[in-house]
Amino acid sequence: MDARELRFAVEELQYAYVHCIDADRLEQWPDFFTDPCRYEVTTRENLDQGLSVGIIYCDSKDMLRDRVVALREANIYGPHRYRHMISAVRVTGTEGNVVQAETNYAVYRTMLDPINYGSSELYSVGSYQDTLIIEQGVARFREKKVLVDTARVLSLLVTPL
Amino acid sequence: MSAANELQSPWLTWEKDPTASVPYQVFLDSVVYEREQERLFRGPIWNYVGLEAEVPNAQDFKATFLGDTPIVINRDKDGALHAFVNRCAHRGALVCRELRGNRPRHTCVYHQWTYDLKGNLVGVPFKSGLGNATGLPSDFEPAHNSLHKLRVASYRGMIFVSYARDVEPLSDYLGTAMRAHIDRVFNRPIRVLGHTRQFVNANWKLYAENVRDPYHASLLHLFHMTFGMYRSSQGGGVTFDNKARHTLLQSYRRSEAEEVAAYKGTGIRSYQAKYTLSDPSLLKGRPEFPGLSIQTIFPSLVVQQIQNTLAVRHIIPRGPDRFELIFTYFGYADDDAEMQAIRHKQANLVGPAGLVSMEDGHAAEIVQQAIVRDKDAASVVLMGGREVADEESLVTETGIRGFWRYYRELMGFSVPASVTKESESWTHASSVSQ
């Protein structure tokens, strides 16, 4: 795979990933990850201090599935949808079929509850610090670290970033 | 007189059951909010502001809040803790402009007035003038121009400050029952594991009620039931300090058979055994504490222990209809690698994305949204009766009643002499007659 194909594969994954979340097809969200995998949402505040605990930490695909079941069946929150805007992908390292990439994101959240219906606000900005594996032309996340600049979470975080 | 009058009329219209209802006005009024800043956050009580483990070394500082007032806590070269309002004595600028750090002194960037770690003014540029400039008048006294110092005390590594000159000792403020629980949680040196922040569009007292309310736990937070962690049929209850201003909620599992029996026939949605975790490692922990505990220290601290997750939550009011919640997660300094991994994973249960507790901020918000126009209407806080007393039940709102009783006392509203069914109005005790 040359550099251009590699970048294409990474970009395709990022686009498909954010589109899946924005389209509320969350049951498919875990399939963007390998198993085992790591999905972490943490803040620069914690990272800079070397602190391990952040907002979300999952180390298996099943933990991601459990998050989705909890979101659908257990958790209570204001109904909303996301729109992810993502920057160009910067490939920061490759080793065989393992790729490191950084992508900035911004998520706008639109509320669908009767009080705030149709209001959109900038909900979170940050950077995806990803490790991907490309197998047979298909890229998956082995590790996705969502490094959140917006440490001050508005209300709550239930839909994945 | 004017402040009293502003408060007087709306409060006097309130005549509903004072021990077991809360007029929505207290969640809406900026006048009430201002008075809280004066009488609670700057009042004759202690407010939690941080952990000693956040400022472990000499010269470490942390910028934080007392109510909505920005303050700094720092550790002097001799290890002593000091706290002061984060506002330059000169022209009022924010002196400490970073969240955390380590400095031998604090210098305001505006005109470089400099303060030592006790908050004393130790440097003023051009104080004695320069060339034709005369500098400060000779009667300028640096000692009268220090940062506004706060009383500081810590208990088991939790730092509290008081704005008031006369305040009972911190250990008395906490009381025997609350100290006993703090002693259990902070039984050895801790290590901070991380911080998260949540910004909620609701009055801070809606959250203060929430964390004193075990009744909602099994009904709002469905993760517990969905994955089999908690039911109202569990054992547990509410313990107060002797003024019922602080609360300790505890719950523990009874036998499966007892719990199922207690739910049978109630038709409550909360008992559902339909889901299991695909990855049960989330809930795998070590026996450490019996059950779950949520301790509230009036007005702005929560100490939580949910399985192996330990955290303090600092409630920061940001106006009548907004507050911020800062979680600081911790473990113990002697945790082995496995225990660190357990705490890391179980942190998923709490915080802004907490599988178990993310709903609390949302619950506060949907109240704030709905009460918007009806200041005269009131909530019903009758579960378990009208009493404010320790209770061996989780289906009770006694903790909320205790909070309001002490709140009214500090705010200067009369506290009903008895807790029976009199429909005494919430009259203004101290300033109504002025």
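The numbering scheme is per chain: residues are counted from 1 as the chain's sequence reads. Working convention: letters from A go to chains and numbers from 1 go to ligands, in the order in which they are written. Totals for whole chains, interfaces and linings use all residues, but because this is a predicted model, local features are given only for residues with pLDDT of at least 70 and pairs of side-chain atoms are given and counted only at 80 or more. Water and hydrogen atoms play no part in the side-chain values, which are based on all heavy atoms of the structure.

J.: Teacher, can you tell me more about helix 9 (residues 359–370) of chain B here?
T.: Every α-helix winds through 3.6 residues per turn, so residues three or four apart in the chain are directed the same way. The secondary structure listing takes helices from DSSP runs of H or I that are at least 4 residues long and strands from runs of E that are at least 2 residues long, numbered from the N terminus. What a helix is expected to span follows from its residue count: subtract one and scale by 1.5 Å. Along its 12 residues, helix 9 of chain B runs 17 Å from first to last C-alpha, staying within 8% of the 16 Å computed at 1.5 Å per residue. The buried label goes to any residue with under 20% of its type's maximum accessible area, the exposed label to any with over 50%, and the partly exposed label to all in between, with areas taken from a 1.4 Å probe on protein chains only. For helix 9 of chain B, every residue scored as buried is listed here: E359(B), D360(B), G361(B), H362(B), A363(B), A364(B), E365(B) and Q368(B). Residues count as neighbours in contact if any of their non-hydrogen atoms are within 4.5 Å of one another. Buried residues belonging to helix 9 of chain B abut helix 3 (61–74) of chain A together with strand 11 (190–200), helix 4 (204–210), helix 5 (217–220) and strand 17 (323–332) of chain B.

J.: Hey, could you run me through the layout of surface pockets in this one?
T.: The rolling of a water-molecule-sized probe over the atoms marks out the regions of remaining empty space. The method works on a 1 Å grid over the protein atoms by themselves. A cavity is a set of points holding a 1.4 Å probe that cannot get out, a pocket is an open set with protein on both sides within 12 Å along at least five of seven lines, and residues with an atom within 4 Å of a point line them. Grid points are joined across faces, edges and corners, and a volume is the space filled by probe spheres set on the points. Here the largest pocket is characterised by a volume of approximately 450 Å³. Taken together, 20 residues make up the lining of the largest pocket; nearest its centre are L206(B), E209(B), D213(B), A363(B) and V367(B). At 5 residues, the largest contribution of residues to the lining of the largest pocket is made by helix 9 of chain B. Residues are grouped as follows: nonpolar covers Ala, Val, Leu, Ile, Met, Phe, Trp, Tyr, Cys and Pro; charged covers Asp, Glu, Lys and Arg; every other residue, Gly included, is treated as polar. Counted by class, the lining of the largest pocket contains 13 nonpolar, 3 polar and 4 charged residues. Considering the residues around the second largest pocket, the lining is formed by 22 residues, among which R109(A), M111(A), N116(A), E365(B) and Q369(B) are closest to the centre. If you list the elements that add at least two residues to the lining of the second largest pocket, you get strand 5 (98–111) and strand 6 (120–135) of chain A together with helix 9 of chain B. Per-element accounting of the lining of the second largest pocket gives the leading share, 4 residues, to helix 9 of chain B. Looking at the lining of the second largest pocket residue by residue, the classes come out as 9 nonpolar, 9 polar and 4 charged.

J.: What is the right way to read a nonpolar patch on the surface from this model?
T.: Only residues whose relative accessible area exceeds 30% and that form no salt bridge are eligible for patches; like-charged ones are grouped when within 9 Å, while nonpolar side chains (Val, Leu, Ile, Met, Phe, Trp, Tyr) are grouped when within 5 Å. Working definition of accessibility: Shrake-Rupley area with a 1.4 Å probe, residue cover restricted to the visible protein chains. In the sections that follow, a salt bridge refers to a side-chain nitrogen of Lys or Arg positioned within 4 Å of a carboxyl oxygen of Asp or Glu. A cluster of nonpolar side chains, contributed by M85(A), Y108(A) and L122(A), occupies part of the molecular surface with about 280 Å² of accessible area. A relative accessible area of 43% places L122(A) in the partly exposed class.

J.: Please explain the nonpolar core as it appears in this structure.
T.: Where a protein is soluble and globular, its nonpolar side chains tend to be buried together. One finds Y17(A), Y39(A), L157(A), L161(A), M158(B), F186(B) and F223(B) to be the most contacted residues of the largest nonpolar core, which totals 130 residues. Looking at this core element by element, the count peaks at 8 residues for helix 1 (residues 3–22) of chain A. Other than its neighbours up to four places away in sequence, Y39(A) contacts Y17(A), W29(A), F33(A), I56(A), Y57(A), C58(A), L64(A), K144(A), V146(A), P160(A) and L161(A). In terms of nonpolar packing, the next biggest core, distinct from the first, is built from 15 residues, C88(B), W113(B), V124(B) and F140(B) among them. Joining through side-chain atoms within 4.5 Å is the link that ties buried Ala, Val, Leu, Ile, Met, Phe, Trp, Tyr and Cys residues into a set, and such a set is a nonpolar core.

J.: Just to check I follow, could you spell out the packing of aromatic side chains for this structure?
T.: Pairs of aromatic rings are described using the distance from one ring centre to the other and the angle between the two planes. Residues and elements named next belong to chain A. Pairing of aromatic rings covers Phe, Tyr and Trp, the last through its six-membered ring, and needs centres within 6.5 Å; plane angles under 30 degrees mean stacked, over 60 mean edge-to-face, and all others mean tilted. Scanning the entire structure with this criterion turns up 24 aromatic pairs over all chains. Relative to F141, the ring of Y17 has its centre 5.2 Å away and its plane inclined at 85°; by these criteria the two rings are edge-to-face. With a gap of 124 residues between them, Y17 in helix 1 and F141 in strand 7 (residues 138–148) connect regions that are remote in the sequence. Exposure class is identical for Y17 and F141. Each is buried. Through pairs of rings, three or more aromatic residues link up here, namely Y17, W29, F32, F33, Y39, Y105, Y128 and F141.

J.: Explain the interface of chain B and chain A here, please?
T.: How big an interface is tends to be stated in terms of accessible area lost as the parts join. Of the residues lining the interface, 36 residues belong to chain B; the matching set on chain A comes to 37 residues. In total, about 3300 Å² of surface goes out of reach between chain B and chain A, with carbon and sulfur atoms giving 55% of it. Taken as a group, F199(B), H344(B) and M358(B) account for 17% of the area that chain B buries against chain A, more than any other trio of residues on that side. Residues R152(A) and E324(B) are paired through a salt bridge, measuring 3.2 Å at the closest nitrogen-oxygen approach. What qualifies as a polar contact is a pair of N or O atoms within 3.5 Å, subject to a donor-acceptor requirement within protein and to the restriction that residues adjacent in sequence count only when both atoms come from side chains. Inspection of the chain B/chain A interface yields 24 residue pairs in polar contact (both at pLDDT 80 or more). Here the buried area means the combined drop in accessible surface, using a 1.4 Å probe, for two parts upon being joined, counting both sides.

J.: Looking at this structure, how should I read the packing of helix 2 (residues 30–41) of chain B against helix 10 (residues 398–411) of chain B?
T.: Describing two packed helices takes the angle between their axes plus the distance from one axis to the other. Residues and elements named next belong to chain B. An axis is simply a line fitted to the C-alpha atoms; with a helix, the fit covers only the stretch in contact. Between two such axes, the angle follows the N-to-C directions and lies from 0 to 180 degrees. Close contact between helix 2 and helix 10 brings their axes to 9 Å; oriented N to C, the two are set at 85°. Taken together, the axis directions place helix 2 and helix 10 in an arrangement best described as roughly perpendicular. Across from V32, R35, E36, R39 and L40 in helix 2, the residues of helix 10 making contact are Y407, L410 and M411. Of the residues in the contact of helix 2 with helix 10, the class split is 5 nonpolar, no polar and 3 charged. Any angle that falls under 35 degrees is termed roughly parallel, while one over 145 is termed roughly antiparallel, one within 65 to 115 roughly perpendicular, and all others oblique.

J.: Quick question: what am I supposed to make of the confidence of the model for chain B here?
T.: Residue and element names in this part refer to chain B. On average, residues of chain B score 88 in pLDDT, and 86% of them are at 70 or above. Low pLDDT (under 50) marks residues 415–434, which in the prediction has 55 contacts with non-local residues, meaning those over four places away or in another chain. Predicted complex metrics record ipTM = 0.96 and pTM = 0.92. Scored from 0 to 100, pLDDT records how confident the predictor is in each individual residue.

J.: Where do I start with the sheet that holds strand 2 (residues 60–66) of chain B in this structure?
T.: By way of backbone hydrogen bonds, the strands of a sheet pair with one another, either parallel or antiparallel. All names here are of chain B. With antiparallel pairing, the 7 strands of this open sheet are ordered in space as 1-10-9-4-3-2-5. Looking at strand neighbours, the two that pair on one side only are strand 1 (47–51) and strand 5 (100–102), the edges of this open sheet. Adjacent strand axes in the sheet meet at a mean angle of 30°, parallel and antiparallel pairs treated alike. Judged from the 5 bridges that link them, strand 3 (residues 69–75) and strand 4 (residues 81–85) form a sheet pairing that is antiparallel. If you follow N74 over to strand 4, its bridge partner there is H82. Sitting on the sheet, helix 3 (residues 170–185) touches strand 9 (149–155) and strand 10 (158–162), and the angle it makes with strand 9 is about 30°. Strand pairing is defined by DSSP finding a minimum of two bridges between the two strands.

J.: Could you clarify how one ought to interpret the pairing of strand 11 of chain B in this entry?
T.: When a strand is regular, its side chains alternate between the sheet's two faces. With 10 of 11 residues buried, strand 11 of chain B is to be regarded as a mostly interior element. As judged from the 3 bridges shared by strand 8 (residues 152–154) of chain A and strand 11 of chain B, these two strands associate in the parallel manner. By the bridge assignment, L154(A) is partnered in strand 11 of chain B with F199(B). With 10 bridges joining them, strand 11 of chain B and strand 17 of chain B adopt antiparallel strand pairing. Paired with H195(B) across the bridge in strand 17 of chain B is T328(B).

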